[in-house]
Each structure stands twice: as structure tokens, then as C-alpha cells.
Amino acid sequence: MLKLLCVTAHPDDEAGGFGGTLLLCAERGVETSVICLTAGTAARNRGTAKTDEELAALRRAEFEASCKFLNVTHCGVLNYPDGKLDRTDLYTVVGDLVHRMRLLRPHVVITFGPDGGLTGHMDHAMAGVFATMAFEWAGRPDRYPEQLQNGVTPHWAQKLYYATADLLLPDRQPIAPPTVTARIEIGKERFEKKAQAFQKHTTQKPLFERVRKNLGERLGTSEMYHLAATREPRESKFEADLFDGVAED
Ligand SMILES: [Zn+2]
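Residues numbered from 1 in each chain as written. Predicted model: local features only at pLDDT ≥ 70, side-chain atom pairs only at ≥ 80, totals over all residues.

Student: Explain the overall build of the chain here, please?
Tutor: If you tally the helices and strands in the chain, you get 6 helices and 7 strands. Reading the chain from its N terminus to its C terminus gives the helix and strand order β-α-β-α-β-α-β-α-β-β-α-α-β. On C-alpha atoms alone, the chain measures out to a radius of gyration of 17 Å, which is about the 18 Å that the 2.2 N^0.38 rule sets for 249 residues. Across its three principal axes, the chain shows a C-alpha extent of roughly 45 × 40 × 35 Å. Burial statistics for the chain: of 249 residues in total, 46% are counted as buried. Across the chain, contacts joining residues at least 24 apart in sequence account for 79% of those joining residues at least 6 apart. (Helix = DSSP H or I, 4+ residues; strand = E, 2+ residues; numbered from the N terminus. Rg over C-alpha atoms; globule rule 2.2 N^0.38 Å. Buried ≥ 20, exposed ≤ 12 C-beta atoms within 10 Å, placed from the backbone. Contact = placed C-beta atoms within 7 Å.)

Written out as C-alpha cells, the structure is:
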């Protein structure tokens, strides 16, 4: 069975950033997983939550509802500090992701690029940096060798992609986005489902209108990616399918 792993920073990134791709993969029988590094407690929009703990609980439940709606097979929210991923220990977070990659054994990994995606969010950028190092190191027996016991073996995914776009959002900090090397056509129906998945994040209701406008009017029914690394060396070619050339191990 082919497997896809998506690494994000906040509950709601899976829907807004990767929703169409996750839906499309699940429809094709690909097992999809989402690992979200923070519970999103630095959010301005807090719903009914009075404390960070209450907000974390709400956002974890919303994330699960969104992932279920997107037919995601495995999903989890980790406990790294929202808004501070750039000051979180790299060796620790990457080790955590390496361990999860060695257990989940994805063929394709998708995440944000070091630009932080369309919004340029620092946590998105760091999620991409951590996931990139984990992609490179999960397959190496000399990295985190203490994990290699009780049946855990090195695992090297075949392709790593960064979410990107062929446009910039106004009123944001400047970013330099990774080149578009793949354009996934998700179609109108999946676009609607992706927007509905975002709306499972009810604490973020004040954002719904703006996000829908950004997704709908700017990106439309495309999700764009940059092929950042491949297990087998290759020349670049433009793709319409993230599993192009991927074989079941
Ligand atoms: Zn985010």
C-alpha cells in the first residue's frame, strides 16, 4: 500500500494547506497520515477557551474532526510550543519525526518549505525544516541509532515535497517561495470539501471568510508543490501527480 505523510505546524494547516491532496490520495487508496507539531495555543481566535489547556483540547478535537472528514488514516497533534518552533531544540523535534517516519514508513512526505508557505508563518517554515531533516535522517542507520531496536528499522521515503504557490499574498511579510514543480488539480468538489474541513476548526471561525477567499480566489482548484528531494537521483520534470515514479517498497 502506498503511504503519504504530511507534517504541519498548527491544527487547520492540514485543511487549508494540504486538504485537496489528502482527499485525492485517500480516494486513490493511499494511506494518509498527518503529524501536527503544535496544538495551536498561540492563536488569537480562541473560541470559548479561557486557558491554553482548554484551547489545546478544543483544537485537538477540531483537528481530529477535520482529519476524519479528509479521510486521513493516522493523525496526531504533538506538544511543541506554538509560535516558538524556531527556538525549539532541532535534535529533539527531528528525532521525534524520524521515529514516527520509521514507524509509519511513508513513500511520499509533504510539508511546508523554509519560506513558511503562502502566509510566511515562522512555525510553518520550521515544520518544513524539521521534516526535511527527518526525511534525510530517517533512512540513515547512523542517525538516532538508539531508536533501532524492537523491530524499528531505518526508513527512507522516496520523495519530499514543499507546499508552494505561483503567487504571493498581499499584506504579508515578503517570502521567496520554492519553485512550482508539481500542480495537483483537485477539482471543485474537493475544493468544497477542503473548505468544509477548514470549518471543522470552529475556534478559527473569524478566519473562515478570509481563508475561503484566499483559497478560492487565489489558488482555486490547484494545490502546488516543489519537489525538494528524491531517494533516487533524477533531473527535474514538471509533475501532476505526487506519486509519479513512486514504487511500493
Ligand atoms: Zn498554520
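There's plenty left to go through after this.
Student: When you look at the pairing of strand S1 (residues 3–8) in this model, what are you seeing that I'm missing?
Tutor: Along any regular strand the residues' side chains alternate between the sheet's two faces. A large share of S1 lies buried, amounting to 6 of its 6 residues. Here S1 shows no split at all, with Lys3, Leu5 and Val7 on one side and Leu4, Cys6 and Thr8 on the other all buried. Both S1 and strand S2 (residues 31–38) contribute to a ladder of 6 bridges, which runs parallel. When the sheet's bridge partners are listed, Lys3 is paired in S2 with Glu31. After leaving S1, the chain enters helix H1 (residues 13–27) and then returns to the sheet as S2, a path that is right-handed. (Pairing = 2+ DSSP bridges. Right-handed = clockwise from strand over helix to strand, strands pointing away.)

Student: How should the pairing of strand S7 (residues 222–230) be read in this particular structure?
Tutor: Both strand S5 (residues 159–164) and S7 contribute to a ladder of 6 bridges, which runs antiparallel. Counterpart to Thr164 in the pairing with S7 is Met224.

Student: Whenever I open this one, the environment of Gln147 confuses me. Can you help?
Tutor: If you trace the backbone, Gln147 turns up in the loop between helix H4 (122–137) and S5. Since 17 C-beta atoms lie within 10 Å of it, Gln147 is described here as partly exposed. The sequence separation of Gln147 and Val98 amounts to 49 residues, and the corresponding C-alpha distance is 9.0 Å. Those residues within four positions of Gln147 in sequence are excluded, and the remaining contacts are Val98, His99, Arg102 and Val152.

Student: So what exactly am I meant to see when it comes to the packing of H1 against helix H5 (residues 187–198) here?
Tutor: When two helices pack together, their arrangement is captured by the angle between the axes and the distance separating the axes. The geometry of H1 relative to H5 is characterised by a closest axis approach of 9 Å and an angle of 130° between their N-to-C directions. Regarding the angle of H1 to H5, the classification is oblique. Helix-helix and strand crossings are classified by hand; for H1 and H5 the assignment is right-handed. In this structure, H1 uses Ala15, Gly16, Gly19, Gly20, Leu23 and Leu24 to contact H5, whose residues at the interface are Arg190, Phe191, Lys193, Lys194, Ala197 and Phe198. (Axes fitted to C-alpha atoms, helices over the stretch in contact; angles between N-to-C directions. Parallel < 35°, antiparallel > 145°, perpendicular 65-115°, else oblique. Left-handed = near helix turned anticlockwise from the far one by under 90°.)

Student: Hey, could you run me through helix H6 (residues 208–219) in this one?
Tutor: Because the α-helix completes a turn every 3.6 residues, residues three or four places apart line up on one side. The end-to-end C-alpha separation of H6 is 16 Å, in line with the 16 Å expected for 12 residues at 1.5 Å each. In the segment just after H6, Gly220 is the residue with positive phi, at about 65°. (Expected span 1.5 Å × (residues − 1).)

Student: Even after reading the chapter, I still don't get the nonpolar core, so can you show me in this structure?
Tutor: Side chains that are nonpolar tend, in soluble globular proteins, to be buried together. Formed by 61 residues in total, the largest nonpolar core has its most connected members in Leu97, Val109, Ile110, Ala127, Ala134, Tyr161 and Tyr225. Ignoring anything within four residues of it in the chain, the contact list for Ile110 reads Leu4, Cys6, Phe18, Thr21, Tyr161, Ala163 and Tyr225. (Core = buried A, V, L, I, M, F, W, Y, C linked by C-beta atoms within 7 Å.)

Student: So what exactly am I meant to see when it comes to the sheet that holds strand S6 (residues 182–185) here?
Tutor: Strand pairing in a sheet is mediated by backbone hydrogen bonds. Such pairs are either parallel or antiparallel. The mixed open sheet is built from 7 strands, whose spatial order is S3-S2-S1-S4-S5-S7-S6. On the outer flanks of this sheet lie strand S3 (74–80) and S6, each paired with one strand and no other. In this sheet, adjacent strand axes meet at a mean angle of 25° when their direction is disregarded. Packed onto the sheet, helix H2 (residues 52–69) meets S2 and S3 and runs at close to 155° relative to S3.

Student: Help me understand unusual backbone geometry in this model?
Tutor: Note: most residues except glycine have negative phi, and most peptide bonds are trans. Although it is not a glycine, Arg105 sits at a positive phi angle of roughly 55°. The topology assignment puts Arg105 in the loop between helix H3 (90–104) and strand S4 (108–112). Backbone geometry at Asn150 places phi at a positive 55°, although glycine is not the residue there. Of the residues examined, Asn150 has 5 C-beta atoms within 10 Å and is grouped as exposed.

Student: Explain the packing of H3 against H4 to me, please; I cannot follow it from the model alone.
Tutor: For the pair H3 and H4, interaxial distance at closest approach is 8 Å and the crossing angle is 55°. Judged by the inter-axis angle, H3 sits oblique to H4. Viewed along their axes, H3 and H4 form a crossing whose handedness is right-handed. Between H3 and H4, the residues in contact are Leu90, Val93, Val94, Leu97, Val98 and Met101 and Phe130, Ala131, Met133, Ala134 and Trp137, respectively. Residues belonging to the contact of H3 with H4 are distributed by class as follows: 11 nonpolar, no polar and no charged. (Nonpolar A, V, L, I, M, F, W, Y, C, P; charged D, E, K, R; others polar.)

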